[in-house]
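A look at the structure
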Amino acid sequence: MKVLLFGKDGQVGWELQRSLAPLGDVVALDRTSTEYAADFSRPERLADTVTRLRPNVIVNAAAHTAVDKAESEPELARALNAAAPGVLAQAAQDVGALLVHYSTDYVFDGGGDRPWREFDATGPLSVYGQTKLEGEQLVARHCERHLVLRTSWVYAVRGGNFAKTMLRLAKERERLTVIDDQFGAPTGADLIADVTAHAIRSLMHEPSKAGLYHLVAAGETTWHGYARFVLAQAQALGEVLKAGPDGVDAVPASAFPAVATRPHNSRLDTSRLREVFGLNLPHWQEGVARMLNEALRS
Ligand code: NDP
């Protein structure tokens with residue numbers, strides 16, 4: 001089996017390089033790749049890459065993920081998050097490939113407190129959310145065999161993330177102030193990548209499983225709960241902090257005005273994914289504890 005991976009060095013892309021390897025030959029590209037075009041700001045050139053490589057599976061982990069920046073560069077966000085996946089979908093359809101694509105809880109308006117199901121009404125609040133919604137719609141429209149996985153609050157050992165920022169701040173200050181009215185589940189890039197590999201193998205035998213799914217770790221928290229957990233774990237691992245979990249003050253999102261509006265309710269219902277693919281999704285605390293262990297003990 002030949003797998004073509006775009007966005008190979010992002011949080012999810014990096015983990016996919018590991019998890020996809022046992023499936024077959026993986027051709028992993030990023031925007032600087034020279035032999036094959038993989039710059040999503042030039043979507044029209046991506047079809048040629050697919051036609052030349054003729055993969056069985058395309059996995060797209062590239063995206064414009066700078067949520068605030070997207071508000072001031074909507075054309076670029078639309079090229080990366082919508083036009084490029086649209087081109088990939090048409091090209092995948094033409095060569096008979098399965099296309100795996102990632103989307104986000106930001107396609108919803110964040111109302112209520114019930115976990116969102118796949119076919120609930122969307123209502124993005126930001127350019128990022130709107131362009132990601134357009135992307136998933138183009139994928140579904142142009143490629144019959146597609147897998148769109150909506151996820152949220154992604155972290156990885158590699159690169160910066162919310163947990164590492166909290167740790168840094170907790171070493172500098174005695175008190176931190178963190179939002180407590182946005183709800184979701186921190187989800188590891190490693191979990192997303194592993195589930196992707198399982199789902200691809202399953203879909204190869206049962207193409208009827210194609211479609212849209214929610215993929216997040218189990219449980220829920222707020223950024224405030226997440227920060228408290230991170231600091232408690234770090235202390236348990238022997239880190240010396242000025243601010244422990246009790247030094248984290250809760251504030252509403254309105255205390256931190258951002259350029260782009262974020263949803264209050266980012267809970268995603270994963271029953272469909274778990275049932276169709278027979279998967280168990282671990283609690284978010286397990287993944288975050290593991291990430292901290294790796295980050296602090298390495
Ligand atoms: P990252 O920001 O870590 O990675 C994005 C990747 O896209 C990087 O490899 C980046 O490359 C690449 N990219 C950026 N611009 C271009 C371009 N012009 N051409 C080609 N590649 C480009 O994102 P994640 O791994 O966190 O996200 C993976 C998926 O999950 C995305 O679809 C995202 O929308 C979705 N998602 C992410 C969430 C999160 O919290 N991060 C939450 C919900 C969904 P480079 O390193 O060169 O910039």
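Structure: above.
These notes cover the structure that comes with them. Just so it is clear, the structure is predicted and the values come from calculations on it, not from any experiment. (Residues numbered from 1 in each chain as written. Predicted model: local features only at pLDDT ≥ 70, side-chain atom pairs only at ≥ 80, totals over all residues. Heavy atoms only, no water.)

Glancing now at the pattern of salt bridges. Taken as a whole and judged by the stated rule, the model has 17 salt bridges. For Asp9, the salt bridge is made with Lys8, and the minimal N-O distance between the two is 3.0 Å. A relative accessible area of 34% means that Asp9 is categorised as partly exposed. The closest approach of N and O atoms between Asp269 and Arg117, which form a salt bridge, is 3.6 Å. Placement of Asp269 in the loop between strand S12 (248–251) and helix H9 (271–277) and of Arg117 in the loop between strand S4 (98–104) and helix H5 (127–142) is noted, with a sequence separation of 152 residues between them. When its relative accessible area of 17% is taken as the criterion, Asp269 is described as buried. Each of the salt bridges in this network shares a partner with another, and the network as a whole consists of Glu15, Arg18 and Asp194. (Salt bridge = Lys/Arg side-chain N within 4 Å of Asp/Glu carboxyl O. Buried < 20%, exposed > 50% of the residue type's maximum accessible area, 1.4 Å probe, protein only. Helix = DSSP H or I, 4+ residues; strand = E, 2+ residues; numbered from the N terminus.)

Next up on the list: the environment of Ala83. In this fold, Ala83 is placed in helix H4 (residues 74–95). Overall, the relative accessible area of 32% leaves Ala83 in the partly exposed class. Expressed as a C-alpha distance, the spacing of Ala83 and Thr51, which sit 32 residues apart in the sequence, is 17 Å. Every residue in contact with Ala83, bar those within four places of it in the chain, is listed here: Pro43 and Arg78. (Contact = heavy atoms within 4.5 Å.)

That is the geometry; function is a separate question.
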